[in-house]
Amino acid sequence: MRRLLLAVAAAVLLVLTGSTVATAEEAPATFTNPIKRNGPDPWMTYHNGYYYLATTTWNSTITMRRATTLAGLNAAPDQVVFNLAGRANGCCNMWAPEFHLVNGRWYLYYVAGQNVSDYNPTQRLHVLESAGSDPMGPYSFKADLGNDWQLDASVLTVNGTLYLMGTYQAGGSYGQSNFIQRLSNPWTLSGSRVRLSSPTLSWERQTAPVNEAPEPLYHNGRTMVVYSASACWGPDYKLGLLTLTGTDPLNPAHWTKSPNPVFQRNDANGVYAPGHNGFFKSPDGTEDWIVYHANSSASGGCDMNRSTRAQRFTWNADGTPNFGVPVRLGTSMAGPSGE
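The rules behind the values
Counting from 1, residues in each chain are numbered in the order their sequence is written. Thresholds applied to this predicted model are a pLDDT of at least 70 for local features of residues and 80 or more for the giving and counting of side-chain atom pairs; totals over whole chains, interfaces and linings are not thresholded and use all residues. Think of the side-chain values as coming from all heavy atoms in the structure, minus any hydrogens and water. UniProt positions are given in the numbering used here, feature names are shortened, and annotations may be inferred rather than shown by experiment. To pair, rings of Phe, Tyr and Trp, with the six-membered ring standing in for Trp, must have centres within 6.5 Å; the planes then decide the type, stacked if under 30 degrees apart, edge-to-face if over 60, and tilted in the middle. We count a stretch as a helix when DSSP gives it H or I for four or more residues in a row; a strand needs E for two or more, and each element gets its number in order from the N terminus. Type-normalised accessible area, obtained with a 1.4 Å probe on protein chains alone, sets the label of each residue: buried when under 20%, exposed when over 50%, and partly exposed for intermediate values. One bridge is not enough; two strands pair if DSSP finds at least two bridges between them. In this description, a nonpolar core means a group of buried Ala, Val, Leu, Ile, Met, Phe, Trp, Tyr and Cys residues linked to one another through side-chain atoms lying within 4.5 Å. Residues count as neighbours in contact if any of their non-hydrogen atoms are within 4.5 Å of one another. Criterion for a salt bridge: a side-chain nitrogen of Lys or Arg within 4 Å of a carboxyl oxygen of Asp or Glu. We call a pair of cysteine sulfur atoms a disulfide when they lie within 2.5 Å. Under this scheme, a helix contributes an axis fitted over its contacting stretch, all axes are lines through C-alpha atoms, and angles between N-to-C directions fall in the 0 to 180 degree range.

You'll find the chain entered in an unreviewed UniProt entry as GH43 family beta-xylosidase, with Catenuloplanes nepalensis given as the organism. A UniProt comment under Sequence similarities (unreviewed entry) is attached to the chain, and it reads "Belongs to the glycosyl hydrolase 43 family."

Take the packing of aromatic side chains next. Counted according to the given criterion, the structure contains 16 aromatic pairs. Judged by centre distance (5.8 Å) and plane angle (50°), the rings of F31 and W289 are tilted. Here F31, found in strand 1 (residues 30-31), pairs with W289, found in strand 19 (residues 288-295); they are 258 residues apart in sequence, far enough to count as distant. Judged by centre distance (5.6 Å) and plane angle (90°), the rings of Y168 and F179 are edge-to-face.

Judged by how many residues are buried, strand 11 (residues 161-169) sits mostly within the fold: 7 of 9 residues are covered. When strand 10 (residues 150-158) meets strand 11, the two strands line up antiparallel, connected through 7 bridges. Bridge pairing in strand 11 links Q150 to Y168. Hairpin geometry of strand 10 and strand 11 is characterised by an intervening segment of 2 residues between the two adjacent antiparallel strands and by a positive phi of about 50° at N159. For strand 11 and strand 12 (residues 176-185), the ladder comprises 8 bridges, and the chain directions are antiparallel. When the bridges of strand 12 are listed, Y168 appears paired with S177. In textbook terms, the turn of a hairpin is the stretch between consecutive antiparallel strands, and for strand 11 and strand 12 this stretch comprises 6 residues, one of which, G171, has a positive phi near 85°.

Before going further, it helps to examine the nonpolar core. Among the nonpolar cores identified, the biggest contains 19 residues, and Y109, V111, L125, V127, L145, L164 and L183 are the most heavily contacted of them. At the level of secondary structure, the elements contributing two or more residues to this core comprise strand 6 (92-102), strand 7 (105-113), strand 8 (124-130), strand 9 (139-145), strand 10, strand 11 and strand 12. V111 has contacts with N93, M94, W95, A96, Q123, R124, L125, H126, Q150, L151 and D152, leaving out every residue within four places of it along the chain. Membership of the second largest hydrophobic core comes to 17 residues, among which are W43, M64, Y110 and L128.

Before going further, it helps to spend a moment on the pattern of salt bridges. Summed over the entire model, instances satisfying the criterion amount to 10 salt bridges. Of the charged contacts, one joins R65 and D78 as a salt bridge, the two residues approaching to 2.9 Å between their closest N and O atoms. Highlighted residues: R65 in strand 4 (residues 61-67) and D78 in the loop between helix 2 (70-73) and strand 5 (79-83), separated in sequence by 13 residues. Among the charged side chains, a salt-bridge network with shared partners connects K36, R65 and D78.

What follows deals with the state of the cysteines. All told, the structure shown has 2 disulfides when counted by the stated rule. The disulfide partner of C91 is C92, and the S-S distance across this bridge is 2.1 Å. Between C91 and C92, the S-S torsion sits near -85°, and that sign places the bridge as left-handed. Each member of the pair, C91 as well as C92, carries the same accessibility label: buried. Bridging C232 to C302, the disulfide has an S-S length of 2.0 Å.

Ordered by their spatial adjacency, 4 strands build an open sheet running 10-11-12-13, and the pairing between neighbours is antiparallel. Of all the strands in the sheet, just strand 10 and strand 13 (188-197) have a single pairing partner and so form its edges. Taken pair by pair, the neighbouring strands of this sheet meet at an average axis angle of 25°, ignoring direction.

Mapped onto the elements, F323 comes out in the loop between strand 21 (321-322) and strand 22 (333-334). Classification of F323 by relative accessible area gives buried; the value is 2%. Taking the C-alpha atoms as reference points, F323 and D288, separated by 35 residues in sequence, lie 10.0 Å from one another. Beyond its immediate stretch of four places on either side in the chain, F323 contacts L217, V226, V262, F263, F279, I290, Q311 and F313.

Put into structure tokens, the structure is as follows:
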């Protein structure tokens, strides 16, 4: 009855004034961070009416959850989309899953290693392929990507060509760096690996010198890569920006690094070590959103206590992203447009 009365009132107002008002049922959706507790290294997309979210599990399973709203993700159950148990070169310690839609199928990239006490040196990149267009699969194992220590795979597309990006030990004074390498298809490497960026600036070397987790970002014809810098086990983990200012993604000289970080800790809001991000669009395609993990204490570590958070971002006049500052947990925010 209340809904009927509201509808009648709105109709009367339209007749009298020629304008409309939103009813209570039409109020914008809201949400609060975190959208997933214990959710490091998040990757999310909006597809066919659902948000799909995958995060590091640190075990032998790759899981994903989905919901029709950001707020709904917090209580959504994790579903196992692939089990790594029994794989000799990647059974365990699953990190940093990402799923990308290419030619009608999803390719899920992830990090995993062996079941040994000192597993970190065994971590490698791998990729699964979906049977159809559902982000939740079913998936089958497709390929190993490289045979040395590599983390944080993502896919960049420039002029129709696919490139694999990730993190490796570049050696010498370069240390942990980001790389880029051509893909002849989503599961096959082509040509040589090229060093994309290294921790050369002071804010990239806090606690330890690190560049990792390169993520593609496109806007108005501009190709960018947002990456994580400094040590994830310290409070100063943050985001930096590369912009393709030339024509060849495999030429490091054609990329320009922003001199300052673009997203970092905010002590006033109680947010530390925000990083390892992804990007997604609002349901109606009009808004840009960032998803990332962070700690709620300066003493927080590089572990499963990091939580998944999301917020809308805008664009600067020069075409670069304006991520603002990471918001405090529990702050009510408007959900993405179109929910």
